[in-house]
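Commentary on secondary and tertiary structure
Below, each chain spelled out in residue letters.
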Amino acid sequence: MRRERAAATSATPRRTWSLVTCVEDGHSHAVADPVLAEGGVDSGRFPARCGRLIAPVALSAPEGPPCPLCG
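The following refers to the structure shown.

Another aspect to go through is the state of the cysteines. Enumeration over the complete set of coordinates arrives at zero disulfides. No disulfide involves Cys22; its nearest neighbouring cysteine sulfur is the one of Cys50, lying 8.7 Å away. Note on Cys22: relative accessible area 0%, which makes it buried.

The structure is reproduced here in C-alpha cells:
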C-alpha cells in the first residue's frame, strides 16, 4: 500500500488588518484584527503596523489619508 504525503500547510493563520484613523496625526493606520478585538492597551491605544501606538478617532469620522509606513 502506498501513502501519499499531504502538502505541508502553514500552521500560522494569515494576519488580517483593519484601517484605524489616529487622533494625533489624522492618518489611517493598519492595526491587526486580533489586537482590535482585545480592546487596546494602555487606555484604548492600539499598536499599528508602522510601530506607532495610536488612539483611534470615532468610528463615524471619515477615514484619514493612509500612513506611508503601514503600507
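Next, the rest of the story.
This model, assessed by the stated rule, comprises zero aromatic pairs. Of note, Arg49 hangs over the ring of Trp17, and the distance from its end group to the ring centre comes to 4.1 Å.

This next bit is on the pairing of strand β1 (residues 17-21). Here β1 pairs with strand β2 (residues 28-32) via five bridges, running antiparallel. Residue pairing in the sheet places Trp17 in a bridge with Ala32 of β2. In this structure, the hairpin formed by β1 and β2 is closed by a connection of six residues, where Gly26 is found at a positive phi of approximately 75°.

How each quantity is defined
Residues numbered from 1 in each chain as written. Predicted model: local features only at pLDDT ≥ 70, side-chain atom pairs only at ≥ 80, totals over all residues. Heavy atoms only, no water. Disulfide = S-S within 2.5 Å. Buried < 20%, exposed > 50% of the residue type's maximum accessible area, 1.4 Å probe, protein only. Phe/Tyr/Trp six-rings, centres within 6.5 Å; stacked < 30°, edge-to-face > 60°. Lys NZ or Arg CZ within 6 Å of the ring centre and 35° of its normal. Pairing = 2+ DSSP bridges. Helix = DSSP H or I, 4+ residues; strand = E, 2+ residues; numbered from the N terminus.

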